[in-house]
Amino acid sequence: MSVVEIPDGSPFGVENLPYGVFSEAGGRPRVGVRVGDSVVDLSVLLGDEVFAEPALNPFMAQGPARWAEVRERIAAAVTADVPDGAVHPVRDVTLHLPFQVGDYVDYYASEHHASNLGRLFRPDAEPLFPNWKHLPVGYHGRSGTVVVSGTDVVRPCGQRKAPDEQAPTYGPSRRLDIEVEFGFVVGVGSELGDRIPVEAFAEHVFGAFLVNDWSARDIQAWEYVPLGPYLGKSFATSISPWVVPLAALQEARIPLPGQDPEPLDYLRGGGDWGLDVEFVVEWNGEEVARPPYREMYWSPAQMLAHMTVNGASTRTGDFFASGTVSGPEKRQRGAFIELTWGGREPIQVKGEDRTFLLDGDEIAISATAPGPDGARIGFGEVTGTVRPAR
Ligand code: MN
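Residues numbered from 1 in each chain as written. Predicted model: local features only at pLDDT ≥ 70, side-chain atom pairs only at ≥ 80, totals over all residues. Heavy atoms only, no water.

Q: Help me out: how do you make sense of the coordination of the manganese ion in this one?
A: The reference angle at a metal is 109.5 degrees if four donors form a tetrahedron and 90 or 180 degrees if six donors form an octahedron. All of the protein donors around the manganese ion are Asp 106 (OD), Glu 179 (OE), Glu 181 (OE) and Asp 213 (OD); their distances to the metal are 2.1 to 2.2 Å. Of note, the donors binding the manganese ion are all from one chain and are spaced D-x72-E-x1-E-x31-D. Highlighted residues: Asp 106 in strand β6 (residues 104–107) and Glu 181 in strand β13 (residues 180–186), separated in sequence by 75 residues. For Asp 106, a relative accessible area of 1% translates into the label buried. (Donors = N, O, S within 2.8 Å, 3.2 Å for Na, K, Ca; no water. Helix = DSSP H or I, 4+ residues; strand = E, 2+ residues; numbered from the N terminus. Buried < 20%, exposed > 50% of the residue type's maximum accessible area, 1.4 Å probe, protein only.)

This is the structure:
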């Protein structure tokens, strides 16, 4: 038997216990829990077949009573002696996509981000469209190109047309960008024809994780009218390997900043899922922004209610992302198009003026939230390096 070390101040203490899928060299991917700087193999610790699966989906499908029971058992087990062979240093394992992705929806829930993008994309119009404060605006993304943190991102090619050009040209994106987002995965789905009310959020959503919605702004700006984001977004979306259960986010819950006008009935009561999560963006190792999730206008409970209000079903592994997290201050903006104001106001990265991503650039997004008794809840990070267009 051995003891799991938890360094003082670790954001992966017993208050957190995020789930992921890992493998050792030559071994099969299976479900583990992050504790301190270790991964604890749940198939060994709890001796349950559901954790020998290469994805969280079968466990997530078991529902909230089972999630709570397992969380209690893990917390008790990792603070006592654990079986030899169950504990692996996180640096020695490979982390995989934590769940098999079903449908993927991306929202646009930050008023600061939506207003900034409105000013940049449509400088002569109202920054927000009339619908924006009545419903959480979103679109369906491409689930097959969701990749785990650390996966390289190949610069996308496509049609680009600057406003002063007569016709589009084809080639590698010249305005490759990031979007700092928060993701929520559905554990228990819903039937075709049914709706998920805002109050039922925690009965369906298993946990939260970090998302980088890579975006080619030149491709996006030309193609998005009138049906919305398409190839400027679908080439890659990166997610963090650890899914933090909602139970670990109870201390982070705060009211939303305020909704005016009051939304329609089916969106009311979603205000108790504001979340005080602080993101940090590093560009080639240098911190460039700290986007605050507490500023988001729409709550994830409202996003899920809206996604199903037409009777669309949901499945285990479906996820939705918040949209870019941006705050009111310049250094709280979660996309470079905002941070550099359309590329016109470069920022300094490692002593150089930078606007959009160059080949070889590495982005790392991390986040923490308040936990019980002054503890911090860590989400780990989502990283990616840009590779040249093919
Ligand atoms: Mn996005």
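Alright, that's what it looks like, and here's the rest.
Q: Looking at this structure, I do not really get the packing of aromatic side chains. What am I missing?
A: Where two aromatic rings form a pair, the distance of their centres and the angle of their planes describe that pair. Inspection of every chain in the model, using the stated rule, returns 21 aromatic pairs. Ring centres of Phe 99 and Phe 319 lie 6.0 Å apart, and the angle between their planes is 80°; this geometry places the pair in the edge-to-face category. Here the residue Phe 99 occupies a position in the loop between β5 (94–96) and β6, and Phe 319 occupies one in strand β22 (residues 319–321), the gap between them amounting to 220 residues. The pair Phe 99 / Phe 319 is uniform in exposure class, with both members buried. A ring pair is formed by Phe 209 and Phe 319, whose centres lie 5.3 Å apart and whose planes are at 75°; its orientation type is edge-to-face. (Phe/Tyr/Trp six-rings, centres within 6.5 Å; stacked < 30°, edge-to-face > 60°.)

Q: Sorry, what's going on with the nonpolar core here?
A: A general feature of soluble globular proteins is that nonpolar side chains tend to end up buried together. Counting residues in hydrophobic clusters, the biggest one holds 59 residues, and the most contacted among them are Phe 182, Phe 279, Tyr 293, Phe 320 and Phe 379. At five residues, helix α7 (residues 300–307) tops the list of elements feeding residues into this core. Ignoring sequence-local partners within four residues, the contact set of Phe 320 consists of Val 105, Tyr 107, Phe 182, Gly 183, Phe 184, Phe 201, Val 205, Pro 300, Met 303, Leu 304 and Met 307. Listed in part, the 35 residues of the second largest apolar core include Val 31, Leu 45, Met 60 and Val 243. (Core = buried A, V, L, I, M, F, W, Y, C linked by side-chain atoms within 4.5 Å. Contact = heavy atoms within 4.5 Å.)

Q: Even after reading the chapter, I still don't get the side chain of Ser 10, so can you show me in this structure?
A: Among the secondary structure elements, Ser 10 is positioned in the segment before β1 (19–23). Within the structure, the side chain of Ser 10 is placed 3.0 Å from the backbone nitrogen of Phe 12, a separation counted as a polar contact. Residues contacting Ser 10, with those up to four places away along its chain left out, are Gly 36 and Arg 376. (Polar contact = N/O pair within 3.5 Å; in protein donor to acceptor, adjacent residues only side chain to side chain.)

Q: It is not clear to me how unusual backbone geometry should be interpreted in this structure. Could you clarify?
A: Excluding glycine, residues mostly have negative phi values, and the peptide bonds linking residues are mostly trans. Each neighbour pair has its own omega, and for Val 225 with Pro 226 the value is 0°, a cis peptide bond. Inspection of the secondary structure assignment puts Pro 226 in the loop between α6 (217–223) and β16 (237–239). The backbone of Lys 350 sits at a positive phi, close to 50°, despite the residue not being glycine. As for its placement among the helices and strands, Lys 350 is situated in the loop between β23 (347–349) and β24 (352–354). Judged by relative accessible area, Lys 350 falls into the exposed class, the value being 52%.

Q: Is there a simple way to explain the domain arrangement of the protein chain in this structure?
A: A common measure of how large an interface is: the accessible area buried when the components associate. Annotation of the protein chain at the domain level lists domain 1 (19–96) and domain 2 (104–387). Taken residue by residue, the interface counts 18 residues in domain 1 and 18 residues in domain 2. Of the roughly 1400 Å² buried at the junction of domain 1 and domain 2 (both faces included), carbon and sulfur atoms supply 74%. Summed over the three residues of domain 1 that lose the most area to domain 2, namely Tyr 19, Met 60 and Trp 67, the buried surface amounts to 40% of that side. There are zero salt bridges connecting domain 1 and domain 2. (Domains from an automatic or database assignment. Buried area = accessible area lost by both parts, 1.4 Å probe. Salt bridge = Lys/Arg side-chain N within 4 Å of Asp/Glu carboxyl O.)

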